[in-house]
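What the coordinates show
Here is what each chain is made of, one letter per residue.
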Amino acid sequence: MATPWTLTFDCADPPRMASFWKVALGYVEAPPPEGFDTWEQWLTHFKVPDEEWDDGAALTDPDGVGPNISFLKVPEAKVAKNRLHIDVQVAGGRHQPWDLRERRIRDTVERLVTAGGSVLTEHEFEGPLDHVVMADPEGNEFCVV
């Protein structure tokens, strides 16, 4: 039996990061824990000070397939390249026509730039666009493939 796990981002602004990754992955805000109708009830129940309510955020795959993602406020900024990154797989694979793949990648990149991401590099494969390396609002690298 596999162990449940969550992918957690250390960040400066959890609500902003959660908002961006909701757009990138089609995820939704995670529901409050069982026994609570809202996150506010949970935070109040556990006497979390009001000034800490934005110190975390959580997303979940609405289809229940992908891992949960959480965002945790930390004081330090990102200082080096990620050793782990997310591939946002929108193109459908190399068996798809290259013009279709490129359109899907470019449409997604445009949407993610509007949401606060930035383009770092574009990579071609024997001519056509293969993938784009981007950064989220806090500089975490990921690929649109």
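As the structure is a prediction and not an experimental result, all values here were calculated from the model.

1. Some points on unusual backbone geometry
Positive phi, normally seen in glycine, also occurs at Lys-47, with a value near 55°. Mapping Lys-47 onto the fold places it in the loop between α2 (39-45) and β3 (56-60). You will see that Glu-126, though not glycine, has its phi angle at about 50°, which is positive.

2. Considerations on the sheet that holds strand β1 (residues 6-11)
If you walk across this open sheet you meet the 4 strands as β1-β4-β3-β2, and the pairing is mixed. Edge positions in the sheet fall to β1 and β2 (28-29), since each of these pairs with one other strand and no more. In terms of strand pairing, β2 meets β3 through 2 bridges, oriented antiparallel. What sits directly across from Glu-29, in β3, is Leu-59.

3. Looking at helix α1 (residues 14-25)
Look at α1: 16 Å from first C-alpha to last across 12 residues, which is about the 16 Å you get at 1.5 Å a residue. The complete set of buried residues in α1 reads Pro-14, Met-17, Ala-18, Phe-20, Trp-21 and Ala-24. Along the axis of α1, the buried residues cluster in a sector spanning 165°; they form a single face. Contact partners of the buried residues in α1: β1, β3, β4 (68-73), β5 (86-88), α3 (98-114) and β8 (141-144).

4. Quick word on the packing of aromatic side chains
All chains considered together, the criterion is met by 9 aromatic pairs. Plain terms: the ring middles of Phe-36 and Phe-46 are 6.2 Å apart, the flat faces sit at 50° to each other, and that makes the pair tilted. With a gap of 10 residues between them, Phe-36 in the loop between β2 and α2 and Phe-46 in the loop between α2 and β3 connect regions that are remote in the sequence. By the ring-pair criterion, three or more aromatic residues cluster together here, those being Phe-9, Phe-20, Trp-21, Phe-71 and Phe-142. The ring of Phe-125 is capped by Arg-94, whose NZ or CZ atom sits 4.0 Å from the centre of that ring.

Thresholds applied
- Residues numbered from 1 in each chain as written.
- Predicted model: local features only at pLDDT ≥ 70, side-chain atom pairs only at ≥ 80, totals over all residues.
- Heavy atoms only, no water.
- Helix = DSSP H or I, 4+ residues; strand = E, 2+ residues; numbered from the N terminus.
- Pairing = 2+ DSSP bridges.
- Expected span 1.5 Å × (residues − 1).
- Buried < 20%, exposed > 50% of the residue type's maximum accessible area, 1.4 Å probe, protein only.
- Arc of directions from axis to C-beta.
- Contact = heavy atoms within 4.5 Å.
- Phe/Tyr/Trp six-rings, centres within 6.5 Å; stacked < 30°, edge-to-face > 60°.
- Lys NZ or Arg CZ within 6 Å of the ring centre and 35° of its normal.

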